[in-house]
Amino acid sequence: MDKYSYIANAHGAYIDGLYESYKENPESVDESWQKFFEGFDFSIQKYGENGAGAAGDVSPKETKVRDLIAAYRRDGHMQSDTNPVRPRRKHHVNLEAKDYGLTDADLNEEFTIGAEIGLGKASLKKIIETLKKVYVGAIGFEYRHIRNQEVIDWMQEKCEKEYLHQQLPIEIKKRILSKLNEAVVFENFLHTKFIGQKRFSLEGGENTIPALDTIINKAADFDVEEVIIGMAHRGRLNVLSNIMGKTYGEIFSEFEGNIKLDLTMGDGDVKYHLGYSSYIDTMSGKKIYVKLTPNPSHLEAVDPVVLGYARAQTDDEYKGDLKKALPILIHGDAAIAGQGIIYEIAQMSQLDGYTTGGTIHLVINNQVGFTTDYDDARSSIYCTDVAKIIDAPILHVNGDDPEAVVFAVTLAVEYRQKFGKDIYIDLLCYRRHGHNESDEPKFTQPKLYNLIAKHPNPREIYHKKLVARGDVDAKLASNMDKEFRKQLQERLDEAKQTPLEYKPQKLEKEWEEMRHSKPSDFDNSPATKISQATVDKIAKALTTLPKGFKPLKQIEKLLKDRNTNFFDKKMLNWADAELLAYGSLLMENKTVRMSGQDVKRGTFSHRHSYLVDANTNEPYCNLDHIQKDQKKFNIYNSLLSEYGVMGFEYGYAMASPHGLTIWEAQFGDFANGAQVMIDQFLSCAYTKWHSMNGLVLLLPHGYEGQGPEHSSARFERYLQLAAGNNMYICNFTTSANIFHALRRQLAMPFRMPLIVMSPKSLLRSTKAASPVKDFTSGKLEEVIGDDYVTKASVKKVLLCTGKVYYDLYEEQQKNKRKDVAIVRLEQLYPFPRKKLLTEISKYKKAKQVWVQEEPENMGAWDFIKRLSKDTKIELISRKASASPATGFHKVHVAEQKEIVKKAFE
Ligand SMILES: Cc1ncc(C[n+]2csc(CCOP(=O)(O)OP(=O)(O)O)c2C)c(N)n1
Ligand SMILES: [Mg+2]
């Protein structure tokens, strides 16, 4: 039954009676009636008994005027004057007085409802005039979809009081003009000096520069210490120079190609992908740190990275104060509408583990994506419609009206700092040239480009306006132009004469203690062991529950087993080892952050990092209770996303050289939903941008008969990307190795990603358990040899990696095959060549066979073949296949048997 149908069905006199009782004592009526009467009282207070105005002298016409006001607030944005170059599409909305039964004859009648929009009693004409100024002017305020009354009231006040009466001081107007001057002249200068060179000009959208300038200045006034920006190609050079403080000289040298190259410093990247960071002076004199992250061509991929970075800064540098680090994401109109990652980051925005305290989204909406018109680029009316899923305000602004732009972005900063949530600015502009400067836009949009050709640039428009208002003198703009052009010419002349030293981006402050890796770093793994006392302390925390905590039966058993593992058997399984690694780092006051789907318990129920009280649901994290002075374990179950979440964790790691950051896949193959992150960031950020990153990916992998999608983490993909010591790629068979590998991430004097094919059934198995002494005195073993065989009698060496080892081992033991040695490669990359040769050379006359459970075209085979090209090595594997694994369990078992059988033939 409908929740409120009781109201419709109730008898009038009965309701009156209830209301009397409620007036005397609200508690005396049912809670649902209390709510109903509360609302009733509220509306009487607000609108008077007849619903018109506090004064109570109501005519039915007042109600009509009220409906008209409501319509402007709700739908005004659909008719706002936001398109600088052509008329907007017609949207059907009811914003005419006649739509509400009001006629011309009513225009001069006075209405008390005028008080609603701050006019007091006012004529209908005046009311409509005011509504038009606010709601169908240069800003389309879209906020009535929001379901939080406080936000609606706040937004309404901003529109109807502040925007209506916006008065900018003259210094601000001059600042806007000077920023516009820089933006316009910079593009124009490049256009004439570097004809036909790609720069993805900002022309048409130059008001982006005063917008960013305002955001940064306002943010500083509102206690922000640091601004992190993510943006694509469009206008990037302009932002780098006119916002970030990259020198014009550097940019010109990049255009000139007048750079002394040092190719030992990596492969580099094109100029419109590079990052930059600096301290800049704001208008109030306060310094603020600004960072533009480097990004690949893949549009919007950088978004979660920026957010993760901002969150890490918040957690670490600003002790959790969400007001200090402000992320700004700049989007293209086609990209924000089309890329699914936008939806993912919107869903992340308010989650405990991922919130940044609000992101300011700025869309450079030039009404076209490459050659694609907006009506082919989206089904939604606005490119920003995704914002509505999180009840974010959206401000559509005319990109030719810098004062409106400044108002909108100022509001955005205030909103972000007050409510801690995302807000979207849709800057309606145009693109003066083609997609890049040598592209012909008239092939596809001749009509639009005829209009654009005649359209004056935003600086001209604003200058004209200022002069007309008498705000500045007519010569100001031409003086600004001349002066700035002169400065640019001087920088260009310098750039032509003196070649620029190629400087990869400097390691940022927090990275200064790091150095770049060198090949010999990988000859031996570093010391990662811990003391017995540390093991005992962590073990105690892992096996102790707080007073009164009621565990489930299975958890009771788990804790008992853990206790036995640590204190009696002294053999630690995978979960024990993993938790021990995290605990030991927390004790060293290092941040440990992990996220992914269901990571707290672990997909395969091995981790149980949080326990839940069987009666109260109260969570308990054992690792938070090792000792007084320690860090807390930051582990978050993620939303069901790979791309967004892996990107976020990558960004988090980018800001955390001294923290361990881990993303775990539910099953390893799901990581390909985040392929862009792997291909464009993890594997090559270092060589492109010299950006180090210690992110760990845990990717459950292994053939256990669960079908095509749950067997393979696509090992081969990572191995194909391996070059230049860019990532660790491992497939461990012992719990000690995962422990040492996790600790190694922070033990080296540099950072690089670690990709782990992690096991599934082995997680709880005793097979992969390692003795405690391997944790207190050992280190990571990249290669594990065979001490069972008799050296001289070995005729065959089986080389393998990962879980298949245990199948081979079982067979070897069962048949006492001392003539077949099994050598495990625990780390595939960086390839432990020396260690492997040491093992193999023990069996001089033996033949070498690579055994893998993956099909021939997958797994590590191609990689092994490539690296061992001088040696004759044979293969045993599943036959090449389009699908990673069979869907039939029986077939799986038969295949697995066959592999083992062949190996021992
Ligand atoms: C993920 C991805 N797909 C395709 C492209 C190729 N591409 C480069 S720019 C562009 C159009 C972008 O349009 P919009 O987002 O409106 O930005 P604008 O160039 O108009 O500023 C496309 C499709 C890309 N860079 N990234
Ligand atoms: Mg566009």
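All figures in this text were calculated on a predicted structure; none of them were measured in a lab. (Residues numbered from 1 in each chain as written. Chains lettered and ligands numbered in written order. Predicted model: local features only at pLDDT ≥ 70, side-chain atom pairs only at ≥ 80, totals over all residues. Heavy atoms only, no water.)

Topic: the sheet that holds strand 8 (residues 325–332)
Definition in use: A strand pair is defined by DSSP finding two or more bridges across the two strands. Every helix listed is a DSSP run of H or I at least four residues long, and every strand listed is a run of E at least two residues long, numbered separately from the N terminus. A fitted line through C-alpha atoms represents every axis, and for helices the fit uses only the stretch in contact; the resulting angles, taken between N-to-C directions, go from 0 to 180 degrees.
Across the sheet, 8 strands lie side by side as 3-12-13-9-8-4-7-6; this open sheet has mixed pairing. Two strands lie at the open edges of the sheet, namely strand 3 (139–142) and strand 6 (276–281), each paired on one side alone. The sheet shows a mean angle of 20 degrees between the axes of neighbouring strands, taken without regard to direction. Two strands pair when backbone bridges link them, and strand 6 and strand 7 (residues 287–292) are joined in this way by 6 bridges, in the antiparallel orientation.

Comments concerning the nonpolar core
Stated formally: Here, nonpolar core refers to any group of buried Ala, Val, Leu, Ile, Met, Phe, Trp, Tyr and Cys residues whose side-chain atoms link them within 4.5 Å. Here the term buried applies to any residue with accessible area under 20% of the maximum for its type, exposed to any over 50%, and partly exposed to those in between, with areas from a 1.4 Å probe on protein chains only. Contacts are assigned to residue pairs that have any heavy atoms within 4.5 Å of one another.
Membership of the largest hydrophobic core comes to 92 residues, with the highest contact counts inside it found for Ile139, Phe141, Val227, Met244, Phe252, Leu395 and Leu411. Here this core takes 10 residues from helix 15 (residues 402–419), the largest share from any one element. Apart from residues lying up to four places away in sequence, Met244 is in contact with Ile229, Val239, Tyr276, Ser277, Ser278, Ile280, Val290, Lys291 and Leu292. Ranked by size, the runner-up nonpolar core spans 83 residues in total, among them Ala310, Tyr354, Ala387 and Leu697.

Side note on the coordination of the magnesium ion (ligand 2)
Stated formally: Donor atoms are limited to N, O and S found within 2.8 Å of the metal ion, a distance that becomes 3.2 Å for Na, K and Ca. With water left out, some sites might look partial.
Each protein donor to the magnesium ion (ligand 2) is listed here as Asp333 (OD), Asn366 (OD1) and Val368 (O); together their distances run 2.0 to 2.1 Å. Counting along the primary sequence, the residues that act as donors to the magnesium ion (ligand 2) give the motif D-x32-N-x1-V. Here the residue Asp333 occupies a position in helix 12 (residues 333–338), and Asn366 occupies one in the loop between strand 9 (360–365) and strand 10 (368–369), the gap between them amounting to 33 residues. For the pair Asp333 and Asn366, one class covers both residues: buried.

A look at unusual backbone geometry
In this chain, Tyr829 is followed by Pro830 through a cis amide linkage whose omega measures -15 degrees. Considering the arrangement of structural elements, one finds Pro830 in the loop between strand 28 (827–829) and helix 29 (833–840). Located in the positive-phi region is Lys319, a residue other than glycine, with phi close to 50 degrees. Residues other than glycine seldom take positive phi values, yet Gln367 does so here, at roughly 70 degrees. Its location among the elements puts Gln367 in the loop between strand 9 and strand 10.

Description of the side chain of Glu437
Put simply, the rule is: Side-chain atoms alone can form a polar contact between residues adjacent in sequence; in general such a contact is a pair of N or O atoms within 3.5 Å, and within protein one must be able to donate a hydrogen while the other accepts it.
Considering the arrangement of structural elements, one finds Glu437 in the loop between strand 13 (423–428) and helix 16 (446–454). Among the polar contacts listed, one links the side chain of Glu437 to the backbone nitrogen of Arg199, at a separation of 2.7 Å. At 2.7 Å, the side chain of Glu437 and the backbone nitrogen of Ser201 are in polar contact. Not counting chain neighbours up to four residues away, the residues in contact with Glu437 comprise His191, Gln197, Lys198, Arg199, Phe200 and Ser201.

Describing the site of ligand 1
Put simply, the rule is: We call a residue near a given molecule or strand whenever any one of its heavy atoms falls within 4 Å of it. Surface accessibility in these figures is a Shrake-Rupley result with a 1.4 Å probe; residues are shielded only by whichever protein chains are displayed. Gly falls in the polar group here, along with every residue not listed as nonpolar (Ala, Val, Leu, Ile, Met, Phe, Trp, Tyr, Cys, Pro) or charged (Asp, Glu, Lys, Arg).
Near ligand 1, the surroundings consist of 15 residues, among which Arg234, Ser297, Asp333, Ala335 and Val368 are the closest. In this structure, Ser297 approaches ligand 1 through a main-chain N or O atom, which is 2.9 Å from a nitrogen atom. Val368 is positioned with one of its backbone polar atoms (N or O) 2.9 Å from an oxygen atom of ligand 1. In isolation ligand 1 offers 580 Å² of accessible surface; the protein chains occlude 75% of this area. In terms of residue count, the dominant contributor to the shell around ligand 1 is helix 12 (3 residues). Across the shell around ligand 1, the residue classes break down as 5 nonpolar, 8 polar and 2 charged.

Focus: helix 19 (residues 532–542)
Quick reminder: α-helices carry 3.6 residues per turn. Residues three or four places apart thus point the same way. Inclusion rule: Comment: arc refers to directions from the helix axis out to C-beta atoms.
Among all positions in helix 19, only Thr534, Val535, Ile538, Ala539, Ala541 and Leu542 are buried. The arc that holds every buried residue of helix 19, seen down its axis, measures 160 degrees, which confines them to one face. Exposed residues pointing more than 90 degrees away from the buried face of helix 19 are listed as Ala533 and Lys540.

A few points about the packing of helix 7 (residues 170–193) against helix 15
So the rule is basically this: Roughly parallel here means an angle under 35 degrees, roughly antiparallel means over 145, roughly perpendicular means 65 to 115, and every remaining angle is called oblique.
As a packed pair, helix 7 and helix 15 sit with axes 11 Å apart at the nearest point and diverge in direction by 105 degrees. By the criterion of interaxial angle, the relationship of helix 7 to helix 15 is roughly perpendicular. Residue-level contacts link Lys173, Ile176 and Leu180 of helix 7 to Pro402, Glu403 and Val406 of helix 15. A class-by-class count of the residues in the contact of helix 7 with helix 15 yields 4 nonpolar, no polar and 2 charged.

Quick notes on the packing of aromatic side chains
As a reminder of what qualifies: Between the rings of Phe, Tyr and Trp (Trp by its six-membered ring), a pair exists once the centres lie within 6.5 Å; its type follows the angle of the planes, with under 30 degrees stacked, over 60 edge-to-face, and the other angles tilted. Charges are assigned to positions over rings by a cutoff of 6 Å between ring centre and Lys NZ or Arg CZ, combined with an angular limit of 35 degrees from the ring normal.
Applying the stated criterion across every chain, the model contains 31 aromatic pairs. Ring centres of Tyr135 and Phe141 lie 6.3 Å apart, and the angle between their planes is 85 degrees; this geometry places the pair in the edge-to-face category. Using a relative accessible area of 0% as the deciding quantity, one classes Tyr135 as buried. Put simply, the rings of Tyr135, Phe141, Tyr143, Tyr163 and Phe407 pair up and form one aromatic cluster. Above the plane of the ring of Tyr788 lies Lys818, whose end atom (NZ or CZ) is 4.3 Å from the centre. Here Arg824 stacks its cationic end above the ring of Tyr805, 3.7 Å away from the centre of that ring.

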